Amino acid sequence: MPPHGSGAGRAFRARKRRASSGEPAWLLPFVLCAVLLLSVLPLARLVGAGLSGLVDGQAARLIFEPATFAALRNTLITATGGMVVSLVLGSLFAFAAALTDIRGKLILSFAFMLPMMIPPQVTALAWVEMSGPASPLLKTLGLAPPLGSPQLLYSLSGIALLLGVQHAPLVFLALKAGLAASPRDGIEAARLAGAGPFRVFRDIVLPLAMPGLIAGGAIAFVSGIGNFGIPAILGIPAGIETLPTLIFSRLASFGAATFGEIALISTLIAAISAGGLIVQQRALSGRDYRLIGHSGVRTAFALGRLRIALEVLLWSVLALVLVAPLLALVTSSLVPAYGVPLNLNTVSLSAYGEILFRQSITLTALKNSLFLASAAALGLLVVTVPAAYLLTRRKGVLANLIAILIEVPYALPGIVLAVAFILTFAAPLPVVGLSLYGTIWIILAAYFSSFLAVSLKPVMSAFLQMDPSLEEAARLAGAGFSRRMRDVLLPMIAPAAGASVILVFLIAANELTVSALLWSAGTQTLGVAIFNLDDSGSSDLASALSVLVVVLVIALMAALEFFAKYLPEGVLPWRN
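Please read these numbers as outputs of a predicted model, since none were measured by experiment.

About the cut-offs
- Residues numbered from 1 in each chain as written.
- Predicted model: local features only at pLDDT ≥ 70, side-chain atom pairs only at ≥ 80, totals over all residues.
- Heavy atoms only, no water.
- Helix = DSSP H or I, 4+ residues; strand = E, 2+ residues; numbered from the N terminus.
- Contact = heavy atoms within 4.5 Å.
- Areas by Shrake-Rupley, 256 points an atom, 1.4 Å probe, with all protein chains shown as cover.
- Core = buried A, V, L, I, M, F, W, Y, C linked by side-chain atoms within 4.5 Å.
- Buried < 20%, exposed > 50% of the residue type's maximum accessible area, 1.4 Å probe, protein only.
- Axes fitted to C-alpha atoms, helices over the stretch in contact; angles between N-to-C directions.
- Parallel < 35°, antiparallel > 145°, perpendicular 65-115°, else oblique.
- Left-handed = near helix turned anticlockwise from the far one by under 90°.
- Patch = residues over 30% accessible without salt bridge, like charges linked within 9 Å, V, L, I, M, F, W, Y side chains within 5 Å.
- Salt bridge = Lys/Arg side-chain N within 4 Å of Asp/Glu carboxyl O.
- Expected span 1.5 Å × (residues − 1).
- Bend = angle between axes of the 7 residues up to and from the residue.
- Nonpolar A, V, L, I, M, F, W, Y, C, P; charged D, E, K, R; others polar.
- Polar contact = N/O pair within 3.5 Å; in protein donor to acceptor, adjacent residues only side chain to side chain.
- Phe/Tyr/Trp six-rings, centres within 6.5 Å; stacked < 30°, edge-to-face > 60°.

Moving on, we come to the overall build of the protein. When helices and strands are tallied, the protein shows 23 helices and zero strands. Put simply, 79% of the contacts in the protein that link residues at least 6 apart link residues at least 24 apart. Accessible surface for the protein amounts to roughly 25700 Å². Of this, 69% is attributable to carbon and sulfur atoms.

See the structure below:
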């Protein structure tokens, strides 16, 4: 045996630990290489380009330009306003779903989650079609404002409102999960002591809900900072720039210092996002939220006669923020042009025929999105199954570091990640001399990086809920890692892996922010096609394509709901 404390001794002990745990020797290097390529390398390239831009001075001048200050101000205003709207909407639905006896909670949660699953550019397009003097829906109903009236959504407040609607489900999820785990003993004790519902809510429920409110607000703010689809649809026509749209415009007007400029703006977005999360941590750090008592699903507030009033309020809000915009989208897709009312003389399916059978661009976008979403959803399992196995079997600093590096690309705004991949793959690859920039493969690589965390979570949940004695029994019977994985582990995690595939496909098929910067002729995706159709004035085609995307989203969510009983707890966000 090698001497204790020597390098050979440490290697021997490491091999012995791996042998006793049944972990193959290739597993850790494989996961480390994947994390290095998908997370560390692009982010390091981004930081390096940002520092180079500051050093050489050319890109640094961008920081002091009035356009940059204006974009920074607009970004902060819209993200803050959106956070306030998200807190109001998300809190209303979370408190109602978690603490009251309203009916239809599952379908209410499912419908409230839809805006987050629908691409932001589709949300913006639907709201534009719903309002304004030329809205086909309002013209059909005879409610359209006079011609010449301004479109109020083309403003900072309009962008903030839609950011709030888009990200309200994030507050809903953060707050509802915390409320569901809160003990009800204190509430019952306060009631027995004679406290009224308002005092119980103010003195007990609200303090318990504060961590969820702070966390949800921070996530909504950070998501608003990096959102590209809504500011692009509403801000660009009005000349309102935010930091993500400023990156888009700088990249469109390519120059000598472009890479340095977009790296600096991306670093600025990442710094603001990190600042929002640090503020969240500081807000939570000085508080003690330890809970004593039994949590449960028992309803805390029986509303009595007020139940119907609350149900009407909730469904009315859903009708306003979800049903009406989607109805406007369908109406716009059935008329020949924007501003034409829908009636028996104008109704037509020609827009659907155009995008499905005649427009080569939309057909190419559909094929690209289906290929990218399928390849990302299935291909990521090659990384996430070994990574989930490793992270559930190993403890310590290295496992925590790998988990953090997997989460970082998903937490970053998509526009920042896209810039990181442009900087990494703009030059030809070493040895082979080929460049990924301008090909569909750079979009796929960025999807792999961005959705790695999404794919990992369901699979990891399945491994955590699995009894380790099953694998241990197979190992003691002489089964190697491959045999254990094939005969024991994979059959048990198959439902979670299926959920992982559908979740990644659902998000990737509608993605815009990453692909908006990475696409080129022939590699456009559905999100890019919708944005370009609307930008070129083909609102009927953009609406028809958006309707098909929404139908796809609802069908995939319904498929997940159908298989919910076979999935690990916590995989489906609207069921948490």
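Membership of the largest hydrophobic core comes to 167 residues, with the highest contact counts inside it found for Leu234 and Phe463. For this core, the leading source of residues is helix α18 (residues 440-464), giving 16 residues. The residues touching Leu234, leaving out its near neighbours within four places in the chain, are Ala124, Val128, Leu153, Tyr154, Gly158, Ile159 and Leu162.

What follows is about the environment of Val408. Topologically, Val408 is positioned in helix α16 (residues 397-411). Between the C-alpha atoms of Val408 and Val40, which are 368 residues apart in sequence, the distance is 9.4 Å.

Between helix α5 (residues 120-130) and helix α23 (residues 539-562), whose axes approach to 10 Å, the crossing angle comes to 125 degrees. If you check the angle between α5 and α23, you find them oblique. Here the hand of the crossing between α5 and α23 comes out left-handed. For the pair formed by α5 and α23, the contact residues are Val122, Leu125 and Glu129 on the first element and Ser539, Ala542, Ser543, Ser546 and Val550 on the second.

Side chains of Leu356, Phe357, Leu366, Leu370 and Leu548 sit close together on the surface and give an oily, nonpolar patch of about 420 Å² of accessible area. Going through the elements one at a time, α14 (350-358) and α15 (360-393) are the ones with two or more residues in the nonpolar patch. By secondary structure assignment, the location of Leu366 is in helix α15.

This model, assessed by the stated rule, comprises eleven salt bridges. Taken together, the shared-partner salt bridges in this structure form one network comprising Arg199, Arg202 and Asp203.

Next up on the list: helix α13 (residues 306-333). An ideal rise of 1.5 Å per residue puts 40 Å on 28 residues; α13 measures up with 39 Å between its terminal C-alpha atoms. At Ala319, α13 is bent by approximately 45 degrees, the largest bend along its length.

At a minimum axis distance of 11 Å, the contact between helix α3 (residues 66-99) and α13 shows a crossing angle of 140 degrees. Taken together, the axes of α3 and α13 are oblique relative to one another. Between α3 and α13 lies a crossing whose hand is left-handed. Seen from α3, the contacting residues are Leu89, Leu92, Phe93 and Ala96; seen from α13, they are Leu310, Leu313, Leu314, Val317 and Leu318. A class-by-class count of the residues in the contact of α3 with α13 yields nine nonpolar, no polar and no charged.

When you line up the elements, Asn74 lands in helix α3. Leave out the neighbours within four places in its chain, and Asn74 touches Leu156, Ile240, Glu241 and Thr242.

All right, on to the side chain of Gln151 then. Summarising the element assignment, Gln151 is placed in the loop between α6 (136-141) and α7 (156-180). Here Leu153 takes part through its backbone nitrogen, which lies 3.1 Å from a polar atom of the side chain of Gln151. Discounting residues that sit within four places of it in the chain, Gln151 has contacts with Val128, Ser131 and Gly132.

Turning to the environment of Ser374, a few remarks are in order. You can see Ser374 is positioned in helix α15. As a C-alpha pair, Ser374 and Leu506 span 132 residues in sequence and 9.7 Å in three-dimensional space. With residues near it in sequence (within four places) discarded, Ser374 still touches Gly379 and Phe505.

Before going further, it helps to spend a moment on the packing of aromatic side chains. According to the stated counting rule, one finds twelve aromatic pairs in the structure shown. Seen from their ring centres, Phe112 and Phe172 are 5.2 Å apart, and the 65 degrees between their planes marks the pair as edge-to-face. Taken together, the residues Phe112 in helix α4 (residues 105-117) and Phe172 in helix α7 connect sequence positions 60 residues apart. Judged by relative accessible area, Phe112 falls into the buried class, the value being 4%. Ring geometry for Phe248 and Phe531: centres 5.9 Å apart, planes at 90 degrees, overall edge-to-face. Of this pair, Phe248 sits in helix α11 (residues 243-252) while Phe531 is found in helix α22 (residues 526-535), placing the two residues 283 residues apart along the sequence. Overall, the relative accessible area of 8% leaves Phe531 in the buried class.

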